[in-house]
Amino acid sequence: MTTKPSSPPPADSESDIELRPRAWLGVLVLVALAWVAGRIRLYTPGSDLGYYMGLVGAIFMAFLLLYPLRKYAYFLRRAFGMRLWFKLHIFLGILGPVLIMYHSTLKVVSFNAAVAFYSMLLVVGSGIIGRFIYTKVHHGLSGRLVTLRERQEQLGLAGEALKSKFNFAPRVEQRLKDLEAYATDQERPGVVGLRRFIGIIVRGHYAYWRSMREVERILSRAAVKRGWPPGERIRRARIARHRIKGYLRELRELAQFRTYERLFSFWHLLHVPFAIMLVLSAIAHVIAVHMY
């Protein structure tokens, strides 16, 4: 198989935005404490403490809108770099909802509060899913999408990688190149690319079975014709098996990348309406609280 290029990780690698298990555990503990505070009636949402926690949480959630607005406002882009904007977005996207949960004590007693609360959960859940997909199709925090060509080069699927490996078996080489063409075909990707991903798995198993039969046949003939010593045919077959499996594994990774690309596009279509619904329901909730 083609050796993957060993380049140093970018300065803004994906690990910079990964939440460690301890951080997730801390968030879960805070949510559990909000539930406890409501059950022992440590305070109420209408008390001064509950009110100001809700106010600060709402302000933090409002600041989240600055992240998409920075694309259109020059002064926002100049204020902070992409790395800081992204980290700030994640930080406020966690702390804001946690404060809202403390404000509500995880109880909703009115319709407008329920709409606002569950809209917030939708946005938070959508944001967590989007952050995961984001790291699969972007160069860390740079905000630049990884191109299909770049992904092929990372996996060693660009150029004439197969010719030097399977020049003794042209039909095997052609079969694998046809499978690669199917994996990189831009037409009719199917529903979020899942059809192609499943197709690669099914066709890959079939291609592996056909290719190994072909390789075994060629090597058996070569062993008799050239008088190879015992074990040489088995050794070469093992090498061919390893290369074919590795190539098919990389094709599956490429198809998976295409799936993440389409999922990220669909995610944008859902996340924005969720955010708009949250803003409108939060405004309605604040107005209702102060009027009644």
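Note: the structure precedes this text.
All values derive from a computational prediction rather than experimental measurement.

Definitions and cut-offs
Residues numbered from 1 in each chain as written. Predicted model: local features only at pLDDT ≥ 70, side-chain atom pairs only at ≥ 80, totals over all residues. Heavy atoms only, no water. Helix = DSSP H or I, 4+ residues; strand = E, 2+ residues; numbered from the N terminus. Buried < 20%, exposed > 50% of the residue type's maximum accessible area, 1.4 Å probe, protein only. Contact = heavy atoms within 4.5 Å. Salt bridge = Lys/Arg side-chain N within 4 Å of Asp/Glu carboxyl O. Axes fitted to C-alpha atoms, helices over the stretch in contact; angles between N-to-C directions. Parallel < 35°, antiparallel > 145°, perpendicular 65-115°, else oblique. Left-handed = near helix turned anticlockwise from the far one by under 90°. Nonpolar A, V, L, I, M, F, W, Y, C, P; charged D, E, K, R; others polar. Core = buried A, V, L, I, M, F, W, Y, C linked by side-chain atoms within 4.5 Å. Patch = residues over 30% accessible without salt bridge, like charges linked within 9 Å, V, L, I, M, F, W, Y side chains within 5 Å. Areas by Shrake-Rupley, 256 points an atom, 1.4 Å probe, with all protein chains shown as cover. Phe/Tyr/Trp six-rings, centres within 6.5 Å; stacked < 30°, edge-to-face > 60°. Polar contact = N/O pair within 3.5 Å; in protein donor to acceptor, adjacent residues only side chain to side chain.

**Regarding the overall build of the protein chain**
Phase 1: On a plain count of helices and strands, the protein chain comes out with 10 helices and 0 strands.
Phase 2: Along the chain direction, N to C, the helices and strands of the protein chain fall in the order α-α-α-α-α-α-α-α-α-α.
Phase 3: Here the protein chain holds 292 residues, and 37% of them are scored as buried.
Phase 4: Put simply, of all contacts in the protein chain between residues at least 6 apart along the chain, 74% involve residues at least 24 apart.

**Considerations on the pattern of salt bridges**
Two side chains of opposite charge can pair, provided their charged atoms sit close to one another.
Phase 1: In the structure shown here, the tally under the stated rule is 6 salt bridges.
Phase 2: A salt bridge links Glu-232 to Arg-236; the nearest nitrogen and oxygen atoms lie 2.7 Å apart. You can see Glu-232 and its partner Arg-236 sitting in helix 10 (residues 232-291), 4 residues apart, about one turn around the helix.
Phase 3: Connected via shared salt-bridge partners are Arg-171, Glu-214 and Arg-217.

**Structural notes on the environment of His-285**
Phase 1: Locating His-285 in the fold gives a position in helix 10.
Phase 2: Separated by 171 residues in sequence, His-285 and Ala-114 have C-alpha atoms that sit 9.1 Å apart.
Phase 3: Non-local contacts of His-285, meaning those with residues more than four positions away in its chain, are made with His-103, Asn-112, Ala-113 and Ala-116.

**Here's the deal with the packing of helix 6 (residues 111-137) against helix 10**
Phase 1: Between helix 6 and helix 10, whose axes approach to 8 Å, the crossing angle comes to 155°. By the criterion of interaxial angle, the relationship of helix 6 to helix 10 is roughly antiparallel. Of the two elements, helix 6 crosses helix 10, and the hand of that crossing is left-handed.
Phase 2: Residues of the contact of helix 6 with helix 10, tallied by class, amount to 21 nonpolar, 8 polar and 2 charged.

**Quick notes on the packing of helix 5 (residues 82-104) against helix 6**
Phase 1: Where helix 5 meets helix 6, the closest approach of the two axes is 11 Å, and the angle between their N-to-C directions is 150°. Taken together, helix 5 and helix 6 sit at an angle that is classed as roughly antiparallel. The hand of the helix 5/helix 6 crossing is left-handed. On the side of helix 5, the interface is formed by Met-82, Phe-86, Ile-90, Gly-93, Pro-97, Ile-100, Met-101 and Ser-104, while helix 6 contributes Phe-117, Met-120, Leu-121, Val-124, Arg-131 and Tyr-134.
Phase 2: For the contact of helix 5 with helix 6, the residue count by class is 11 nonpolar, 2 polar and 1 charged.

**Brief notes about the nonpolar core**
Phase 1: One finds Val-172, Leu-176, Ile-244 and Leu-251 to be the most contacted residues of the largest nonpolar core, which totals 23 residues.
Phase 2: For this core, the secondary-structure elements that each account for two or more residues are helix 8 (170-184), helix 9 (194-226) and helix 10.
Phase 3: Not counting the four nearest positions on each side in its chain, Val-172 is found in contact with Phe-166, Ser-211, Glu-214, Val-215 and Ile-244.
Phase 4: In this structure, Leu-76, Tyr-134, Phe-257 and Trp-267 belong to the second largest nonpolar core, which totals 13 residues.

**Side note on a nonpolar patch on the surface**
Phase 1: A contiguous nonpolar patch, built from Leu-65, Leu-69, Tyr-72, Val-279, Ile-283, Ile-287 and Met-291 and spanning about 710 Å² of accessible area, is present on the exposed surface.
Phase 2: The biggest single contributor to the nonpolar patch is helix 10, with 4 residues.
Phase 3: Along the chain, Ile-287 falls in helix 10.

**Considering the environment of Ser-47**
Phase 1: If you trace the backbone, Ser-47 turns up in the loop between helix 1 (21-39) and helix 2 (48-63).
Phase 2: Given the relative accessible area of 22%, Ser-47 is considered partly exposed.

**Considerations on the packing of aromatic side chains**
Phase 1: All told, the structure shown has 4 aromatic pairs when counted by the stated rule.
Phase 2: Relative to Tyr-52, the ring of Tyr-51 lies with its centre 5.2 Å away and its plane at 80°, an arrangement referred to as edge-to-face.
Phase 3: With 6.1 Å between their ring centres and 40° between their planes, Tyr-206 and Trp-209 make a pair best called tilted. Here Tyr-206 and its partner Trp-209 are both found in helix 9, 3 residues apart, which amounts to about one turn of the helix.

**Remarks on the side chain of Glu-232**
Phase 1: Residue class for Glu-232 comes out buried when judged on its relative accessible area of 15%.
Phase 2: A polar contact of 2.7 Å, which involves the side chain of Glu-232, links it to the side chain of Arg-235.

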